[in-house]
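Listed below, chain by chain, are the residues.
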Amino acid sequence: MDTGTIVGEQETIDITPTWAAIMPVLIDILASKTSSQQAKDEVAEEIMCLARNVDRIVKEKKGE
C-alpha cells in the first residue's frame, strides 16, 4: 500500500425507493391470490406506517 495515499470519506448513495415508486408493487402483493398471508400482513404494516408518518407530518404542519 502506498503510505502517501490519503483515503477520504466514502460517498453514500441513497437508493431508497419513493412511496410512489413502490406502491404498485405493494398493491400487486395485496391483490395477488398467490401472495402469502405473511407478505400481505407486511405490506399492510408498511402502509399503516406510511399513514402514521403522514398524519404526524400533517399535525406538525398545522402546528406551525
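Above this text you will find the structure in question.
One numbering rule holds for all chains: residues counted from 1, following each sequence as written. Local features in a predicted model are, by the rule used here, given only for residues with pLDDT of at least 70; side-chain atom pairs are given and counted only at 80 or more, and totals for whole chains, interfaces and linings are based on all residues. Calculated side-chain values reflect all of the structure's heavy atoms, with hydrogen atoms and water omitted.

### A few points about the overall build of the chain
Here a helix means four or more residues in a row that DSSP labels H or I, a strand means two or more in a row labelled E, and each is numbered from the N terminus. Along the backbone of the chain there are two helices and zero strands. Of the roughly 6,000 Å² that the chain leaves accessible, carbon and sulfur atoms contribute 58%. Surface exposure here means Shrake-Rupley accessible area, sampled with a 1.4 Å probe, where a residue is shielded only by the protein chains that are shown.

### Topic: the packing of helix α1 (residues 19–31) against helix α2 (residues 37–62)
Axes here refer to lines fitted to C-alpha atoms; in helices the fit is confined to the stretch in contact. Angles between the N-to-C directions go from 0 to 180 degrees. α2 packs onto α1 with a crossing angle of 145° between their chain directions and a minimal axis gap of 9 Å. Judged by the sense of rotation from one axis to the other, the crossing of α1 with α2 is left-handed. Residues Trp 19, Met 23, Leu 26, Ile 29 and Leu 30 of α1 pack against Ala 39, Lys 40, Val 43, Glu 46, Ile 47 and Leu 50 of α2. Ten residue types, Ala, Val, Leu, Ile, Met, Phe, Trp, Tyr, Cys and Pro, are classed as nonpolar, four, Asp, Glu, Lys and Arg, as charged, and the remainder, Gly among them, as polar. Across the contact of α1 with α2, the residue classes tally to nine nonpolar, no polar and two charged. Handedness of a crossing is defined here by the sense of rotation of the near helix relative to the far one, left-handed for an anticlockwise turn of less than a right angle and right-handed for a clockwise turn. Contacts are assigned to residue pairs that have any heavy atoms within 4.5 Å of one another.

### Examining the pattern of salt bridges
Close approach of charged atoms lets side chains of opposite charge pair. We define a salt bridge as a side-chain nitrogen of Lys or Arg found within 4 Å of a carboxyl oxygen belonging to Asp or Glu. Summed over the entire model, instances satisfying the criterion amount to two salt bridges. As a salt-bridge pair, Glu 60 and Arg 56 come within 3.2 Å of each other at their nearest N and O atoms. Of this pair, Glu 60 and Arg 56 both sit in helix α2, separated by four residues, roughly a single helical turn. Only protein chains enter the accessibility calculation, which uses a 1.4 Å probe. A residue is then buried if its area is under 20% of the maximum for its type, exposed if over 50%, and partly exposed in between. Under the relative-accessibility criterion, Arg 56 is labelled partly exposed at 41%.

### Overview of the side chain of Ser 35
Tracing the sequence through the fold places Ser 35 in the loop between α1 and α2. Pairs of N or O atoms within 3.5 Å make up the polar contacts considered here, provided that, within protein, one atom can donate a hydrogen while the other can accept it, and that residues adjacent in sequence are counted only when both atoms are side-chain atoms. There is a polar contact of 2.9 Å between the side chain of Ser 35 and the backbone oxygen of Ile 29. Excluding residues that lie within four positions of it along the chain, Ser 35 makes contacts with Asp 28, Ile 29 and Lys 40.

### Focus on the environment of Lys 40
Its location among the elements puts Lys 40 in helix α2. Between the C-alpha atoms of Lys 40 and Leu 26, which are 14 residues apart in sequence, the distance is 8.5 Å. Residues in contact with Lys 40, not counting those within four places in the same chain, are Ile 29, Leu 30, Ser 32 and Ser 35. Within the structure, the side chain of Lys 40 is placed 3.1 Å from the backbone oxygen of Ser 32, a separation counted as a polar contact.

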